[in-house]
Amino acid sequence: MTTRTVDTTQELAVFLRTRREGLDPDDFHLPSRQQARRTPGLRREEVAELAGVSIDYIVRLEQGRGLRPSANVVEALAGALRLAPDERAYLFNLTQQRPRTADRPATTAAPPLARLVADLSPLPAMLMNHRYDILAWNGEMARLLLDFDTLPPSQRNAMRLCLMHPQTREFYVDRERVVREGIAHLRAAWAAHPEDRALTDLIAELTTHDEEFARLWAERDIKVNGRGRKVVRHPDVGEIAVHFEVLTPLQDPDQRLVIYRAADDESQSALDRLCAQ
């Protein structure tokens, strides 16, 4: 038995054809046509009309004639064929295009993820979106960083807190590195979400009111850090070294689960004392 690599051109042709044939014309309220349908599903010309492309273009795609649709055409085809999110991602992968990111970022925690954050106790955990808005947290994270309940929702942003909140501004022992890496992550998110006005406004605010942010933002560092180590300086229990892990749920890709673990025995003891208070 041999394993063959995917012929993306042919797989795209078959995938588009099977999805077109699996659609029910009655669901689309299309104009009635005189000729009877000889095959199931939508006609090629109907898909072409719905997607805003020519019939010849659909024919060539379904015949595997080497076309590579643009991202806009792929998006239009996905809409015309009413593809489910997983099917849409598959279509973008086959065409080697990058899907547009959601124009409406997560502003509230998905309920299953909020429950997971609570269930991760006694590990400090929180949930953020791509612009560092803090959407959910457990008691251990609140004791370690800040009681987020004391802040209005608009102020619950990890980057803003790190730069401008008096309680957390000097919280990290290696502040320069933490801030630099956070800004490098934020720049990557900014490029991936060009239509996110709230993110653009946040960057403009921080650039205007914080010289450190403005200086580091201008350096254009790009880095997405999924794991690492931080040392925090807690006013009650002293220094705590933590390893952090950032996980992205498949069902909610704009939400990021952040989990802290003590990096050594002394830090674990400090966390235990903190959480026992």
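Residues numbered from 1 in each chain as written. Predicted model: local features only at pLDDT ≥ 70, side-chain atom pairs only at ≥ 80, totals over all residues. Heavy atoms only, no water.

S.K.: Would you explain the pairing of strand 2 (residues 134–137) in this entry?
M.R.: Regular strands place their side chains on alternate faces of the sheet. The sheet contact formed by strand 1 (residues 125–129) and strand 2 spans 3 bridges and is antiparallel. Looking at the pairing, Met 126 lines up with Trp 137 of strand 2. (Pairing = 2+ DSSP bridges. Helix = DSSP H or I, 4+ residues; strand = E, 2+ residues; numbered from the N terminus.)

S.K.: How should the environment of Asp 252 be read in this particular structure?
M.R.: Following the sequence through the fold, Asp 252 ends up in the loop between strand 4 (238–247) and strand 5 (255–262). Here the alpha-carbon distance between Asp 252 and Ala 110, two residues 142 residues apart in the chain, equals 7.6 Å. The residues contacting Asp 252, other than those within four sequence positions of it, are Ala 110 and Leu 113. (Contact = heavy atoms within 4.5 Å.)

S.K.: Is there a simple way to explain the sheet that holds strand 4 in this structure?
M.R.: Adjacent strands of a sheet pair through backbone hydrogen bonds, lying either parallel or antiparallel. With antiparallel pairing, 5 strands are arranged side by side in an open sheet as 2-1-5-4-3. Edge positions in the open sheet fall to strand 2 and strand 3 (227–234), since each of these has one partner strand only. When the angles between neighbouring strand axes are averaged without regard to direction, this sheet yields 30°. The strands that helix 12 (residues 265–276) touches are strand 3, strand 4 and strand 5; relative to strand 4, the one it contacts most, it runs at about 95°. (Axes fitted to C-alpha atoms, helices over the stretch in contact; angles between N-to-C directions.)

S.K.: Teacher, can you tell me more about the packing of helix 2 (residues 44–51) against helix 4 (residues 71–80) here?
M.R.: Packed helices, taken two at a time, are described by the angle between their axes plus the distance between the axes. Between helix 2 and helix 4, whose axes approach to 8 Å, the crossing angle comes to 120°. Between helix 2 and helix 4, the angle falls in the class oblique. For the element pair helix 2 and helix 4, the recorded crossing hand is right-handed. Of helix 4, the residues touching helix 2 (which contributes Val 47, Leu 50 and Ala 51) are Ala 76, Leu 77 and Ala 80. Its residues assigned to classes, the contact of helix 2 with helix 4 shows 6 nonpolar, no polar and no charged. (Parallel < 35°, antiparallel > 145°, perpendicular 65-115°, else oblique. Left-handed = near helix turned anticlockwise from the far one by under 90°. Nonpolar A, V, L, I, M, F, W, Y, C, P; charged D, E, K, R; others polar.)

S.K.: In this structure, what is going on with the packing of helix 9 (residues 175–192) against helix 11 (residues 211–218)? I would like to understand it.
M.R.: Where helix 9 meets helix 11, the closest approach of the two axes is 10 Å, and the angle between their N-to-C directions is 60°. Comparing the axis directions of helix 9 and helix 11 gives the class oblique. The interaxial crossing formed by helix 9 with helix 11 has right-handed handedness. On helix 11, the residues touching Arg 175, Glu 176, Val 179, Arg 180, Ile 183, Leu 186, Arg 187 and Trp 190 of helix 9 are Glu 212, Phe 213, Arg 215, Leu 216 and Trp 217. Residues of the contact of helix 9 with helix 11, tallied by class, amount to 7 nonpolar, no polar and 6 charged.

S.K.: Just checking my understanding: could you explain the environment of Leu 77 for this structure?
M.R.: Assignment of secondary structure puts Leu 77 in helix 4. Spatially, the C-alpha atoms of Leu 77 and Gly 64 are 16 Å apart, while their sequence positions differ by 13 residues. Residue contacts for Leu 77: discarding those within four places in its chain leaves Val 47, Ala 51, Ile 58, Leu 61 and Leu 91.

S.K.: What exactly am I supposed to notice about the nonpolar core here?
M.R.: Most often, soluble globular proteins have nonpolar side chains that are buried together. Grouped together as the largest cluster of nonpolar side chains are 41 residues, with contacts concentrated most on Leu 145, Phe 213 and Tyr 260. Considering every element that reaches this core, the biggest residue donor is helix 9, with 5 residues. If near-sequence neighbours (up to four positions away) are discounted, Tyr 260 is found in contact with Leu 123, Pro 124, Met 141, Leu 144, Leu 145, Tyr 172, Lys 230, Val 242, His 243 and Phe 244. Counting residues in each nonpolar core, the second largest holds 23 residues, with Ala 48, Tyr 57, Leu 81 and Leu 91 among its members. (Core = buried A, V, L, I, M, F, W, Y, C linked by side-chain atoms within 4.5 Å. Buried < 20%, exposed > 50% of the residue type's maximum accessible area, 1.4 Å probe, protein only.)

So far we have only geometry, and geometry alone does not tell us how the molecule works.
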